[in-house]
Amino acid sequence: MSVVNVTPYGRPQDNLDLDDARFGNGGGLAYLRDTAVALLAQGHDDERRSTYTEFSEVHPSHLGVLSIVQGGEYGESRTLVDRVTKARRAITVDDAVLSDARVVLVVPEHGQDAVMVSEVKGRTHHTAGFVTRVNTRLKGDGLSLRLRREVADGVAWGKFLADQDAGIVGVEFAQSVRRSEDRTPFATGGGLTAARLRFALSSTGDVAQGIIGRLRGASPEQSLRDQLDLATVVGLRDYHDEDFDEQRIIVVKDGRERTINVSQALPSFTYVFADDERPDHQGFLDQSRGAVLDLFQELGVELPPQWWPEAPTT
């Protein structure tokens, strides 16, 4: 999920208001909706990256647009096998094997911030393909989309850590001997190529609970690294975060351990669907709505009662 702004082409820091006259009648909502519709069934061949992308479905409603984006790679000869009949056929270097994923763009009528949420399947999502296709068209009008993933991820991780059902069970520091900065070395060479220091946090005990409380109270509006020196938080005297290559927070929720590397930017936050099966359009929208609403609230954006897009009926 990302915050989306429209900017003049070549000036990515100058966010336009979504009711700016440059969008014409209907403002940014109508402009971006019409852009997505115009891209329907128009394939884009990126020869440099050997990828092919197209919008196979576009469903605008209320303040949103649900797009079904198909994309895949080409450039390698392979063989397709039917597991049942064992029939085979060649996949040539010109064949792109496509997978589809949903992208929802919600554009308020006022303010500067829209929100985009992308479906992730395994390691595959079509955020980049969506933005590239839209920006190719917007460039002709002297405009461009800019994504601010760090804002959405900061809100998501902040809420995740604040959730009492998420057990913060450890803080971990890692150091590699390859770095040559003037700092205290734990990995000293001579075959000692890396060092890892982990503090396990008990659910009881004043010290552990104090550390957990500080991590849960971190603001979602800025990175944890900017707010907290984890080495100081856990009581590593005379050491600071810059003495380590990576600083991680270990969290367990719903029986699943997640490692949050807070060394630089926060990692992308992925929301997990309630069911193992891939949801239909309605299920995807239902399970995405709450996270998007939370982000808009953090951004201070007021939404009308009918704002969330609807699933197609056919």
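Residues numbered from 1 in each chain as written. Predicted model: local features only at pLDDT ≥ 70, side-chain atom pairs only at ≥ 80, totals over all residues. Heavy atoms only, no water.

Novice: Looking at this structure, I do not really get the overall build of the protein. What am I missing?
Specialist: Scanning the protein for helices and strands turns up seven helices and 13 strands. Looking at the 314 residues of the protein, the share that counts as buried comes to 43%. Partitioning the intrachain contacts of the protein with sequence separation of at least 6 by distance along the chain shows that 60% fall at a separation of at least 24. Put simply, the protein shows about 17,400 Å² of open surface, and 46% of that area lies on carbon and sulfur atoms. (Helix = DSSP H or I, 4+ residues; strand = E, 2+ residues; numbered from the N terminus. Buried < 20%, exposed > 50% of the residue type's maximum accessible area, 1.4 Å probe, protein only. Contact = heavy atoms within 4.5 Å. Areas by Shrake-Rupley, 256 points an atom, 1.4 Å probe, with all protein chains shown as cover.)

Novice: Help me understand helix H2 (residues 127-138) in this model?
Specialist: Note on helix geometry: an α-helix contains 3.6 residues per turn, so any two residues three or four positions apart are oriented the same way. Compared with the 16 Å implied by 1.5 Å per residue over 12 residues, the 16 Å span of H2 between its first and last C-alpha is a close match. Within the span of H2, buried status applies to Thr127, Gly129, Phe130, Val131, Arg133, Val134, Asn135 and Leu138. (Expected span 1.5 Å × (residues − 1).)

Novice: Hey, could you run me through the sheet that holds strand E9 (residues 143-148) in this one?
Specialist: One key point about sheets: their strands pair by backbone hydrogen bonds, in either a parallel or an antiparallel sense. Strand order in the open sheet formed by seven strands is E2-E3-E4-E7-E8-E1-E9, with antiparallel pairing between adjacent strands. Both outer strands of the open sheet, strand E2 (44-46) and E9, are each paired with one neighbouring strand and no more. On average, each strand axis in the sheet is tilted by 30° relative to the strand beside it, whichever way the strands run. The sheet contact formed by strand E3 (residues 51-61) and strand E4 (residues 64-73) spans 10 bridges and is antiparallel. Counted as the bridge partner of Ser61 is Gly64 from E4. Here helix H7 (residues 281-299) sits on the sheet and contacts strand E1 (2-8), E3, E4, strand E7 (99-106) and strand E8 (114-118); the angle it forms with E8, its principal contact strand, is near 145°. (Pairing = 2+ DSSP bridges. Axes fitted to C-alpha atoms, helices over the stretch in contact; angles between N-to-C directions.)

Novice: Just to check I follow, could you spell out the pairing of strand E10 (residues 167-176) for this structure?
Specialist: On a regular strand, one side chain projects to one face of the sheet and the next to the other, so that they alternate. Extensive coverage of E10 is indicated by the burial of eight of its 10 residues. The sheet contact formed by E10 and strand E12 (residues 246-253) spans seven bridges and is antiparallel. Within E12, the position partnered with Phe173 by the bridge is Gln247. Bridge analysis of E10 against strand E11 (residues 194-200) gives seven bridges, and the strand direction is antiparallel. Note that in E11 the partner of Ala174 across the bridge is Arg196.

Novice: Before we go on, may I ask you to explain the pairing of E8 in this structure?
Specialist: Most of E8 sits inside the fold, with five of its five residues counted as buried. Here E8 shows a buried face lined by Ala114, Met116 and Ser118 and a second buried face lined by Val115 and Val117. Where E1 lies against E8, three bridges are found, and the strand directions are antiparallel. Its bridge partner being in E8, Ser2 is matched across the sheet by Met116.

Novice: Sorry, what's going on with the pattern of salt bridges here?
Specialist: Opposite charge on two side chains permits them to pair, given that their charged atoms come into close proximity. Overall, the coordinates contain 14 salt bridges when judged by the stated rule. The partner of Asp34 in a salt bridge is Arg33, with the nearest N and O atoms 3.3 Å apart. For Asp34, a relative accessible area of 43% corresponds to the partly exposed category. Residue Arg33 is classed as partly exposed on the basis of its relative accessible area of 32%. With a shortest N-O distance of 2.8 Å, Arg278 and Glu119 are connected by a salt bridge. Of this pair, Arg278 sits in the loop between strand E13 (256-261) and H7 while Glu119 sits in the loop between E8 and H2; the two residues are 159 residues apart in sequence, bridging distant segments of the chain. When its relative accessible area of 2% is taken as the criterion, Glu119 is described as buried. Salt bridges sharing partners connect three or more residues here, namely Asp100, Arg102, Glu119 and Arg278. (Salt bridge = Lys/Arg side-chain N within 4 Å of Asp/Glu carboxyl O.)

Novice: Can you help me understand the sheet that holds E10 in this one?
Specialist: The sheet built from four strands is open, its strands ordered E11-E10-E12-E13 with antiparallel pairing. A single partner strand is all that each edge strand has here, and the edge strands are E11 and E13. If you compare each strand with its neighbour and ignore which way they point, the axes differ by 20° on average. Against the sheet, helix H3 (residues 149-162) makes contact with E10, E12 and E13, and its axis sits at roughly 130° relative to E13, the strand it touches most. Across the sheet, helix H4 (residues 206-216) is in contact with E10 and E12; its angle to E10 comes to roughly 85°.

Novice: Is there a simple way to explain the nonpolar core in this structure?
Specialist: Considering soluble globular proteins, one finds that nonpolar side chains tend to be buried as a cluster. In terms of nonpolar packing, the biggest core is built from 46 residues, with Met1, Leu32, Phe55, Val104, Leu105, Phe130 and Val292 touching the most fellow members. The greatest single-element share of this core, amounting to six residues, is contributed by H7. If sequence neighbours within four positions are ignored, Leu105 has contacts with Val4, Leu32, Leu63, Gly64, Val65, Ala114, Val115, Met116 and Phe130. Formed by 25 residues, the second largest nonpolar core is a distinct cluster that contains Ala156, Ala166, Ile211 and Ala231. (Core = buried A, V, L, I, M, F, W, Y, C linked by side-chain atoms within 4.5 Å.)

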